[in-house]
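So you can see what is in the structure, the chains are spelled out below.
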Amino acid sequence: MLTGPGRRDTPRRSRLGCRLAGALSGGLTLAACLLMPQPQVHPQSPPPAHPIAIVIHGGAGNISRSTLSPEKEAACRAALREALDAGYRILQQGGASLDAVEAAIAVLEDSPWFNAGKGAVFTSAGTHELDASIMDGATLRAGAVAAVRRVRHPIRLARQVMERTPHVLLVGEGAEALAREAGLELVDPAWFDTPERRAAWEKRRSQAPAPNEPGPADVAAEGKHGTVGAVALDRHGHLAAGTSTGGLSGKRPGRVGDSPLIGAGTYARDATCAVSATGQGEFFIRLAVAHEISARVEHRGLSAAEAAAAVIREVGWLGGEGGVIVLDARGRVATPFNTTGMFRGWRVEGRAPVVRIGPED
Ligand code: ASP
């Protein structure tokens, strides 16, 4: 049974020793256990080494040649690579998985090609409302923000919620007041605009029969997402996860999706796995996708890859589209999705970095 977020298995040598000892007669058991080599704990000894790893995503969707020009594909791949490198560099220098997640996501928030930070989609009212969350797998501490309109890097503000307040989720103006206190960069809301997103909003507006606002079906028809996320494993064996988004295109002002909800779009627990999701948030909220994956690892003994694949299948059964990136404490990566593509990349120590969009490429 798992007893805490950072539970470690009994060292193999001593378990084996006790099993061998069990084969001996009862009176000898205790003595044999005591004679077997036991793990030594020295206060000064360095922490145990773990493989370092990072996985990122830039959203899942029905990505095709008609929606992704070669130039845009190259720009997306380059941004994913830059984000991977930013996070991996921190891990290589012995930094924390939380820092790697925050750094990788901040790079993608600054890229106009993804629906987070600059390049965020428009609400039906022609505004931007940004959501983000971050979670520490070692302590289960978490922070999140929703519907912020002026914070350049919402993921950094989510981290401040976690570290500076007793709360997990702050919204709107209250969240922005914290950003000011923490000295985070605030920008004019127009900073998040890009010509492509504005054109998509104007097209939607001209097609929508006023005064009706788009319902979930209209939003789903957009078909392409672009939320960003990262999960990382540091040298100390600690996992972290984070997600940042502009939400769904044409959403009603005030709508909050899965990305800032701990357990839906983001979850991390050292003893199971770290998860960041992307897709139609309403479905991910209803299935509590990120926590559900962690819970299946914990209670059903599934691998993180098996658990993630099963839960993404269930998202599909409900009619939802999207995917997740998953990493466990052994550095094993899974990236299941039920759309035609998901922008994603990973780098695991000792192996070359990988960036993919479709199922194979
Ligand atoms: N999950 C995000 C939301 O529902 C959108 C996305 O991943 O594209 O807000």
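Look above for the structure.
This is a predicted model, so every value here is computed, not measured. Starting from 1, residues in each chain are numbered consecutively following that chain's sequence as written. Residues qualify for local features only when their pLDDT is at least 70, as the model is predicted, and side-chain atom pairs are given and counted only at 80 or more; totals for whole chains, interfaces and linings, by contrast, use all residues. As a rule here, side-chain values come from all non-hydrogen atoms in the structure, and water together with hydrogens is ignored.

Regarding the overall build of the chain
Here is step 1 of the chain: Secondary structure is summarised from DSSP: a helix means a run of H or I of at least four residues, a strand means a run of E of at least two, and numbering begins at the N terminus for each. Within the chain, the regular secondary structure consists of eleven helices and twelve strands.
Here is step 2 of the chain: Partly exposed residues are those whose accessible area sits between 20% and 50% of the maximum for their type, while under 20% is buried and over 50% is exposed, using a 1.4 Å probe and protein chains only. Burial statistics for the chain: of 361 residues in total, 53% are counted as buried.
Here is step 3 of the chain: Residues count as neighbours in contact if any of their non-hydrogen atoms are within 4.5 Å of one another. For the chain, the share of sequence-separated contacts (at least 6 apart) that also reach a separation of at least 24 residues comes to 69%.
Here is step 4 of the chain: Accessible area of the chain: about 16100 Å², with a carbon and sulfur share of 55%. Each accessible area is a Shrake-Rupley estimate made with a 1.4 Å probe; only the visible protein chains count as cover when residues are assessed.

As for helix 4 (residues 97–110)
Here is step 1 of the chain: End to end, helix 4 covers 20 Å across 14 residues, agreeing with the expected 20 Å (1.5 Å per residue, within 8%).
Here is step 2 of the chain: Of all 14 residues in helix 4, twelve are buried; the element is thus mostly enclosed.
Here is step 3 of the chain: The set of residues buried in helix 4 consists of S97, L98, A100, V101, E102, A103, A104, I105, A106, V107, L108 and E109. Given the number of residues in a helix, its expected span is that number minus one, multiplied by 1.5 Å.

Let's talk about the nonpolar core
Here is step 1 of the chain: Working definition of a nonpolar core: buried Ala, Val, Leu, Ile, Met, Phe, Trp, Tyr and Cys residues. They are joined through side-chain atoms within 4.5 Å. Ranked by internal contacts, the top residues of the largest apolar core, which has 49 residues, are I54, I56, L108, F114, L157 and F343.
Here is step 2 of the chain: Only strand 1 (53–61), helix 3 (70–92), helix 4, strand 2 (130–136), strand 3 (142–148), helix 5 (154–164), helix 6 (172–181) and strand 5 (228–233) provide two or more residues apiece to this core.
Here is step 3 of the chain: If one sorts the elements of this core by residue count, helix 3 sits on top with eight residues.
Here is step 4 of the chain: The residues contacting I56, other than those within four sequence positions of it, are L80, A83, L84, A104, L108, G229, A230, I325, F343, R344 and G345.
Here is step 5 of the chain: If you look at the next biggest cluster of nonpolar residues, it comprises 36 residues, including A241, Y267, F284 and A290.

What to know about empty space enclosed by the protein
Here is step 1 of the chain: The definitions used throughout rest on a 1 Å grid laid over the protein atoms alone, on which a cavity is an enclosed set of points accommodating a 1.4 Å probe that cannot get out and a pocket is an open set flanked by protein within 12 Å on both sides along at least five of seven lines; lining residues are those having an atom within 4 Å of a point. Grid points are joined across faces, edges and corners, and a volume is the space filled by probe spheres set on the points. Taken as a whole and assessed by the stated rule, the structure comprises three cavities of 30 Å³ or more.
Here is step 2 of the chain: Contributing to the lining of the second largest cavity are 13 residues, with T227, T245, L248, D258 and G279 lying nearest its centre.
Here is step 3 of the chain: Residues are grouped as follows: Ala, Val, Leu, Ile, Met, Phe, Trp, Tyr, Cys and Pro are nonpolar; Asp, Glu, Lys and Arg are charged; all remaining types, including Gly, are polar. Broken down by class, the residue content of the lining of the second largest cavity amounts to one nonpolar, ten polar and two charged.

Digging into the sheet that holds strand 12 (residues 354–356)
Here is step 1 of the chain: As summarised here, the arrangement of the eight strands in space is 4-3-2-6-5-1-11-12, forming an open sheet in which the pairing is mixed. If you trace the sheet from one side to the other, it starts and ends with strand 4 (169–171) and strand 12, each paired once. Each strand of the sheet is rotated relative to its neighbour by a mean of 10 degrees, with strand direction disregarded.
Here is step 2 of the chain: Lines fitted to C-alpha atoms define the axes here, with helix axes fitted over just the stretch in contact, and angles between the N-to-C directions of these axes take values from 0 to 180 degrees. Across the face of the sheet, helix 3 comes into contact with strand 1, strand 5, strand 11 (341–348) and strand 12 while running at roughly 155 degrees to strand 1.
Here is step 3 of the chain: Of the strands in this sheet, strand 2, strand 3, strand 4 and strand 6 (239–245) touch helix 5, which is tilted by about 130 degrees from strand 3. If DSSP finds at least two bridges between two strands, the strands pair.

Notes on the sheet that holds strand 7 (residues 266–268)
Here is step 1 of the chain: The strand order across the open sheet built from four strands is 7-8-9-10, with neighbouring strands paired in antiparallel fashion. Of all strands in the sheet, those with a lone pairing partner are strand 7 and strand 10 (333–334), marking the two edges.
Here is step 2 of the chain: Inspection of the sheet shows strand 7 paired to strand 8 (residues 274–279) by three bridges, in the antiparallel sense. Paired with T266 across the bridge in strand 8 is S276.

Concerning helix 3
Here is step 1 of the chain: For helix 3, built from 23 residues, the straight-helix expectation of 33 Å at 1.5 Å per residue is met to within 8% by its first-to-last C-alpha distance of 32 Å.
Here is step 2 of the chain: All of the buried residues in helix 3 are K72, E73, C76, A79, L80, A83, L84, A86, G87, Y88 and L91.
Here is step 3 of the chain: Those residues of helix 3 hidden inside the fold are in contact with strand 1, helix 4, helix 7 (195–207), strand 5, strand 11 and strand 12.
Here is step 4 of the chain: Downstream of helix 3 by a residue or two, G94 has a phi angle that is positive, lying close to 85 degrees.

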